[in-house]
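Fold and geometry: a report
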Amino acid sequence: MKNFILTFITVLAGGLLGYWGVPWWSLVPVGLAAGWLIRNTPARGFAAGFLAGFLLWGIWAFALDHANEGILSARIGMLFQGLGNWMLILITALLGGLVAGFAVLSGSLGYDLAFPPKKGPYARRRRRR
Amino acid sequence: MRLIRFLFAFLPLAGLVWALSVPLKAGDKTLPALGRFFSPFSGFWQNAEPANGRNAVPLQAKLPALKGPVEVVWDDMMVPHIFAGDPNDAAMVQGYIHASHRLFQMDIVSRQTAGRLSEVIGPRTLEADRLIRRRGLPWAVERNMKSLQQSPRTMQLLEAYAAGVNAYIDQLNPATLPLEYKLMNFEPEHWSPERTLFVVANMIDALNNRDNDLAATNSLAVFGRDTFNYLYPSWNAKQTPIIPDTGQWADIQPLVRPETVSGQTAPGSAPPERSELSPNRDLNGSNNWAVAGSRTRSGAPILCNDTHLPLRLPHVWYVQQIQTPQFNSYGIVVPGVPLMAIGFNNDMAWGFTNCSHEVADWYRLQWTDGGKTTYLLDGQPRKAELRVEEIRVKGAPAVRDTVRYTDWGPVVYDQPDHPLHDCAYRYVAHDPMKPESLYEFLNISSARNYDDYRKAIPGLEALSQNVAFASRNGAIALTVQGKFPVRQNGQGRFVQDGTAWANNWAGYIPASQLPAMRNPSRGFVYSANQHSTPPTYPYYYLGNFDHSRGRRIYQRLENMRDITIDSMKSIQLDNYSQRAADGLHALLRRVKREQLNDSEKKWLSALEQWDARYQPDQIAPSLFEMWFDSTYFHTWDEMENLRRQKTAVLYPEHWRFCELLESDSASVFFDELSTPQREEAGDIVTAGFHKMAARAEKMPSDSLQWHTFKGFVIKHLAMLDAFSRLDVSVGGSRNSPNAISTNHGPTWRMIVEMGAPIRALGVYPGGQSGNPGSRYYDNFVDAWARGDYFDLVFLSQSDEQNPRILARQTFTPGS
C-alpha cells in the first residue's frame, strides 16, 4: 500500500510540472521512472498511475471548467460532435489516466525485464531490491 | 515471456502517445494533436477564462519602451480607458491590449490582405492569396510604407503600437496562446507598422472594391445604347441625395472630355454567379445622421451612426477610450490600427457611412507580343514590369506567380478564359498615401470644431466616407470625403480602351469641391449610401447606391421634432423597408386576383395587410421576398439566358424594376422568351405569386417566420460553427434602416448627445474579448438583437469614481 501511494504521489507531482509549462507527455517519463523505481505489482502500478493521471487531469479540467461556468466546454463540445462538458472532462481525465497508467506499467515491467526477480517471474509479492 | 508482458504495456503506451501527438486530418482541415489540445495545462482548457472576469484583463503591466506610466481603467463592458502622457505611449498600450483581446483576428486580417493565409492554413486559401496579390494590394502597401517612412511621427506611432503587440506576443507560452492558434496549429507572427497598413488596406478594400464594368460592357453590347439607358438609369427621381443642390456648385468648372466607351462583349468560360451580377447584393453600407439642437428636446445636437458590415466573431470593432494631453476621445477602432475610427470627444462627435462610389476601373490592353511583355500605349510599345509573388503554402511547395504591371495598374487575371484576362486594373487604393495622412486622421480625436474636423478627414485617403459631424457648440455637418476620380462623362461604367492614355483619370476632385453641408436650415444632415448629390453636381461619378434606407431615414427625420435619444433609437431599429413598400405596391397593383385560388388568397391577404416592416415573427416579409424574387428573375429571363451562355450582364436595379412594373407594364421585357404568347407585367407577377404560394405551402409556418426564413448567423472568423452564434433571432432587412440580413448588419449602433454632460450609447453584436472561452466573447449579442443599448462610460480622468469600473491597472516603463 505504501508503494502504491508513493507511485500515485510521484506521478501526481510529476504531472503537476505541466503547470509550469512542461509538455503534456512528461507524464510518460515520470510514469516510466515511477514504475521503474517503485516496486508494485503490475496491476497496482497501473492503477496508481492511472488514478494519478485521471484525477490530476480530470480535476484540473473540472476546476477550469467550473470557474469558466462551462462557456468554453460548450463550444469545444460542438467542435467534437456535440459532446457535453462532463464528457469532455471525462475524456481529458481518461487520456491523463491511460497515459500515466501505461507509463507506470511499462516502467515496472521494463524493470522486471532488465532485472528478473529472483523468485521467478510469477512471484506475487516483490520487494524493492 | 517478460518481454511479451513488457510489450503488452509498452506498445499501448507508444501507440497512445503517438496517436495523441499527430495532428488529425478531417477533410481538408487539420485538427490539433489531441494530447496537447486536451492537456489541462496547455490545451484548450487553459483558454477557459474565469467567468468572473478576472483574467479578461491582461495582467502584464510592464512595457520597457514606455516613456511614462499609463493608467488603464476597465469598465463592466470590458472597455479599456487608457490614460497616457504621450500619444505613442497610448499607442503602445493599445497594441498590448488589442493583442491581448484580438490577436488572432489582427493576425488573420493582416495575413488575408497580404496574401499570406496559405502559409498557415494550406492550399485551400491559395486562390484567395493569389487574387489579392494580383489585385495589387500588397504592392500598394509596400508603396504606402515607403511614403509613410517620410513621416517620422507616423512611424514612431506605428512602431510604438507594434512594440505593444509584440510585448504581448513575447510573453505568450503554449498554455496562454489564443485558442485558434492551438486549433489551427500555428503561431502568431510579430507585428510591424506594415501589418497595420495591411489592416487599413483590408478596410479600404472591403468598402471600395466593387465594380460592374464587365457586366455593363456586355449589357451595352447586347442591348444597344437606348435599351441600356432604359434598363439601367443611374438616377432615381425618388432618391433623396445626401447633399442637396443649394446653388453651391454654380462656380465649379469641372473637366469635361468627350465620352469614350468600348462596347465589345467579353464572354467568360464559366457562367457568372447571379449574385455577383445583381446590383442588389449585400452592400457594406451604413447610416449616419446628426440633428441640430433646434430639433432636439434637450437643445443639444445628437449624432447617430450605425455601420453595416459582415457580422463576425471576434467582432470587427473594438471599443476604447484614449486620453492623452492632446485629446480625450471614445469610440471604435479596428484591432491592428491605433487610430480611433468613429466616436466622440469632449467637443464633437463624428460618424461614417460608405460613399459607395466606384473607384476601380478596367482597361483592355493590346499586347504587342505573344509573351505579353509589351503593350501598346498611344501608339508606342511599353514594357510591362514583372513582379513575382512568392506564396508559401503550409504542407506544400511554395507557389511563384508572375504579375504584369502596366502604367494603368496590374493585370489581375492571367487565365485566358477569364473575360478580364487582358485587362489592367486601375484602383484608387493603389495610389500611395501622403506621408502624414494617418497622423492627420489621428487628429480627428482632438478636433474641437468644424475646421479641425475638415482638416482631419482628408487623412482617410482612399477610404471614401460620408463623415457626419456634430459639436457641443451646436454645429452639425456632413462631408462626402474621398479620392474620387475626375471622370469623363460616363467614364468607368464600362471596360475602357487601354491603348490611349487620354482615358486615364484626370486626377481627383479637389477637397474644396467635394459635396458638403454645414448647419442646414432643415436642422439635420444624414447619409445612407445613397447618391452623394443630385445630377446637377458638376462632376460625373458612378457607384452602387442604396435607394431605400436613405428615403426612409429622410422621411423619419423630416417629420421628427422634440427629438430624444429614444426617438433616435427608433430610427436605427426601424425595420421598415422602402424597397418593400414600393415593391409591394407595384406587385399588388399588377397581380391578377381572379387567377388566384382560395388558399393563395390567404397569402395575398397577409401581404395586403403588411406594413413593409420586417418584424422577426411575421411571415409576410418572407412571402414578399419570395414573390419579389421570383417575379424579378422571371422578368429578367433575358439576362438569365445570357448568363447561361456565359456572358455576364447587369440585372436592373430593384427600384427600376418597380418603376417599370408601375409605369411600363407592357414592356417587352415582361414577355417571357420561352412562350409563344405575349406576356405583360400582370402575367409575370401572377406567375411569381403562384410560385411563391407553392413554395410557402410546402414550408412549415415556423420556417416561414422572417427571422427563420432569413437564417441569421454571426460566424466565427475561421467559419467554425462551434465559435459562431447561430441562435440569434432578429428582424430587419438589408434595405431597412435596421439593415440586418443573413450575415450582415449594423456592426456598431452609436447615439451621442452632445450636451453637458455628453450622453453616449452604443452596442455591437459581439464582445470585447476575441477568446471563445471568455464570457466577454459575445456578451453584447443578445442586447444588440433585442435592440438594447449600453450607456458608454466616458471618463474625464483616470481616478474618476464610477460604479461601473471593474478594474484599474498601471502599465509602467522598465522591465
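To be clear, the structure that these remarks concern was listed above.
Quantities reported herein were computed from a predicted structural model and do not represent experimental measurements.

What follows covers the overall build of chain A. Helix and strand counts for chain A stand at five helices and zero strands. Helices and strands appear in chain A in the N-to-C order α-α-α-α-α. Taken along its principal axes, the extent of the C-alpha atoms in chain A is 55 × 30 × 25 Å. Across the 129 residues of chain A, 47% fall into the buried class. Looking at chain A alone, contacts between residues at least 24 apart form 84% of all its contacts between residues at least 6 apart. As displayed, chain A has an accessible area near 6800 Å², and 70% of this comes from carbon and sulfur atoms.

Moving on, we come to the overall build of chain B. Assigned secondary structure in chain B consists of 24 helices and 27 strands. Here the C-alpha radius of gyration of chain B, 28 Å, is about what a compact globule of 815 residues would show, namely 28 Å. Along the longest, intermediate and shortest principal axes, the C-alpha atoms of chain B span 90 × 80 × 70 Å. Expressed as a percentage of its 815 residues, the buried residues of chain B come to 62%. Intrachain contacts of chain B at a sequence separation of at least 6 include 72% that bridge at least 24 residues. Looking at chain B, you have 82 positive and 86 negative side-chain charges, and the mean spots of the two groups are 3 Å apart.

Left-over empty space is what a probe sized like a water molecule reveals as it rolls over the atoms. Residue and element names in this part refer to chain B. In this structure the tally under the stated criterion is five cavities of 30 Å³ or more. Taken as a whole, the largest cavity holds about 370 Å³ of empty space. In terms of lining residues, the largest cavity is bounded by 28 residues, among which Met203, Ala341, Phe352, Leu460 and Leu463 are the most central. For the lining of the largest cavity, the elements supplying multiple residues, two or more each, are α9 (193-208), β6 (302-310), β11 (348-354) and α12 (437-442). In terms of residue count, the dominant contributor to the lining of the largest cavity is α9 (four residues). Across the lining of the largest cavity, the residue classes break down as 19 nonpolar, eight polar and one charged. Quantified by volume, the second largest cavity comes out at close to 140 Å³. Around the second largest cavity, the lining comprises 16 residues; the ones closest to its centre are Asn144, Ala201, Ile204, Ala429 and Met433. Contributing elements (two or more residues each) for the lining of the second largest cavity: α6 (137-148) and α9.

The next thing to look at is the packing of helix α5 (residues 85-114) of chain A against helix α1 (residues 2-21) of chain B. At a closest axis distance of 8 Å, the pairing of α5(A) and α1(B) adopts a crossing angle of 150 degrees. As summarised for this structure, α5(A) and α1(B) are arranged roughly antiparallel, according to the angle between their axes. Our pair here, α5(A) against α1(B), has a crossing hand that is left-handed. Side by side, α5(A) and α1(B) meet where Leu95(A), Leu98(A), Val99(A), Phe102(A), Ala103(A), Leu105(A), Ser106(A), Leu109(A), Gly110(A), Asp112(A) and Leu113(A) of the first sit next to Arg2(B), Leu3(B), Arg5(B), Phe6(B), Phe8(B), Ala9(B), Phe10(B), Pro12(B), Leu13(B), Leu16(B) and Leu20(B) of the second. A breakdown of the residues in the contact of α5(A) with α1(B) according to their chemical character gives 17 nonpolar, two polar and three charged.

So, on to the sheet that holds strand β12 (residues 360-364) of chain B. Think of a sheet as strands paired side by side through backbone hydrogen bonds, with each pair either parallel or antiparallel. All names here are of chain B. One open sheet accounts for three strands, arranged β17-β12-β20; its pairing is mixed. Both edges of this open sheet fall to β17 (423-427) and β20 (496-497), since each of them pairs with a single strand only. Of the pairings in the sheet, the one linking β12 to β20 comprises two bridges and is parallel in character. In the strand pairing of β20, Tyr363 is matched with Gln496.

To continue, consider the sheet that holds strand β25 (residues 759-763) of chain B. All names here are of chain B. Pairing is antiparallel in the open sheet, where six strands are placed in the order β22-β5-β6-β24-β25-β26. Strands at the two margins of the open sheet, each flanked by one partner only, are β22 (524-527) and β26 (790-791). As judged from the four bridges shared by strand β5 (residues 286-291) and β22, these two strands associate in the antiparallel manner. Note that in β22 the partner of Ala290 across the bridge is Val525.

This brings us to the packing of helix α3 (residues 87-114) of chain B against α9(B). All names here are of chain B. At a closest axis distance of 8 Å, the pairing of α3 and α9 adopts a crossing angle of 75 degrees. The angle between the axes of α3 and α9 places the two elements in the roughly perpendicular class. Counted together, Met106, Asp107, Val109, Ser110, Arg111, Gln112, Thr113 and Ala114 of α3 and Arg195, Phe198, Val199, Ala201 and Asn202 of α9 form the full contact between these two elements. A breakdown of the residues in the contact of α3 with α9 according to their chemical character gives six nonpolar, four polar and three charged.

Looking now at the side chain of Thr7(A). Residues and elements named next belong to chain A. Looking at the secondary structure, you find Thr7 in helix α1 (residues 2-16). Overall, Thr7 belongs to the buried group, its relative accessible area being 0%. In terms of polar contacts, Thr7 uses its side chain to reach the side chain of Asn40, at 2.7 Å. Not counting the four nearest positions on each side in its chain, Thr7 is found in contact with Ala34, Ile38, Asn40, Gly45, Ala48 and Val104.

Our focus in this paragraph is the interface of chain A and chain B. The interface of chain A with chain B comprises 46 residues on the first partner and 42 residues on the second. Across the interface of chain A and chain B, roughly 3700 Å² is buried in total on both sides, 78% from carbon and sulfur atoms. Ranking the residues of chain A by area buried against chain B places Trp24(A), Leu72(A) and Arg75(A) at the top, with a combined share of 20%. Applying the counting rule to chain A against chain B returns one salt bridge. Here Arg75(A) ties to Asp778(B) by a salt bridge, and the two come within 2.8 Å at their closest N and O atoms. Counting across the chain A and chain B interface gives eight residue pairs in polar contact (both at pLDDT 80 or more).

All names here are of chain B. Inspection of every chain in the model, using the stated rule, returns 67 aromatic pairs over all chains. Aromatic pair Tyr330 and Phe344: ring centres 5.4 Å apart, planes at 20 degrees, arrangement stacked. Of this pair, Tyr330 sits in strand β9 (residues 328-333) while Phe344 sits in strand β10 (residues 342-345); the two residues are 14 residues apart in sequence, bridging distant segments of the chain. Seen from the ring of Trp367, Arg404 lies directly overhead, with NZ or CZ sitting 5.9 Å from the centre. The cationic tip of Arg518 hangs over the ring face of Tyr450; the distance from NZ or CZ to the ring centre is 4.0 Å.

This paragraph deals with the environment of Met719(B). Residue and element names in this part refer to chain B. Checked against the element boundaries, Met719 lands in the loop between β23 (715-716) and β24 (744-753). Relative accessible area serves as the criterion here: at 39%, Met719 is assigned to the partly exposed category. For the pair formed by Met719 and Pro432, sequence separation is 287 residues and the distance between their alpha carbons is 33 Å.

All right, on to the pairing of β24(B) then. Residue and element names in this part refer to chain B. Of all 10 residues that make up β24, 10 are buried, and the element is covered over most of its length. As judged from the five bridges shared by β24 and β25, these two strands associate in the antiparallel manner. Counterpart to Ile751 in the pairing with β25 is Leu761. With antiparallel pairing between neighbouring strands as the criterion, β24 and β25 make up a hairpin whose turn holds five residues.

Calculation criteria
- Residues numbered from 1 in each chain as written.
- Chains lettered and ligands numbered in written order.
- Predicted model: local features only at pLDDT ≥ 70, side-chain atom pairs only at ≥ 80, totals over all residues.
- Heavy atoms only, no water.
- Helix = DSSP H or I, 4+ residues; strand = E, 2+ residues; numbered from the N terminus.
- Buried < 20%, exposed > 50% of the residue type's maximum accessible area, 1.4 Å probe, protein only.
- Contact = heavy atoms within 4.5 Å.
- Areas by Shrake-Rupley, 256 points an atom, 1.4 Å probe, with all protein chains shown as cover.
- Rg over C-alpha atoms; globule rule 2.2 N^0.38 Å.
- Lys, Arg positive; Asp, Glu negative; His and termini not counted.
- Charge placed at Lys NZ, Arg CZ, Asp CG, Glu CD.
- 1 Å grid on protein atoms, 1.4 Å probe; cavity = no way out; pocket = protein on both sides within 12 Å on 5 of 7 lines; lining within 4 Å.
- Points joined across faces, edges and corners; volume = space filled by probe spheres on them.
- Nonpolar A, V, L, I, M, F, W, Y, C, P; charged D, E, K, R; others polar.
- Axes fitted to C-alpha atoms, helices over the stretch in contact; angles between N-to-C directions.
- Parallel < 35°, antiparallel > 145°, perpendicular 65-115°, else oblique.
- Left-handed = near helix turned anticlockwise from the far one by under 90°.
- Pairing = 2+ DSSP bridges.
- Polar contact = N/O pair within 3.5 Å; in protein donor to acceptor, adjacent residues only side chain to side chain.
- Buried area = accessible area lost by both parts, 1.4 Å probe.
- Salt bridge = Lys/Arg side-chain N within 4 Å of Asp/Glu carboxyl O.
- Phe/Tyr/Trp six-rings, centres within 6.5 Å; stacked < 30°, edge-to-face > 60°.
- Lys NZ or Arg CZ within 6 Å of the ring centre and 35° of its normal.

Purely spatial values, then, with no claim about function.
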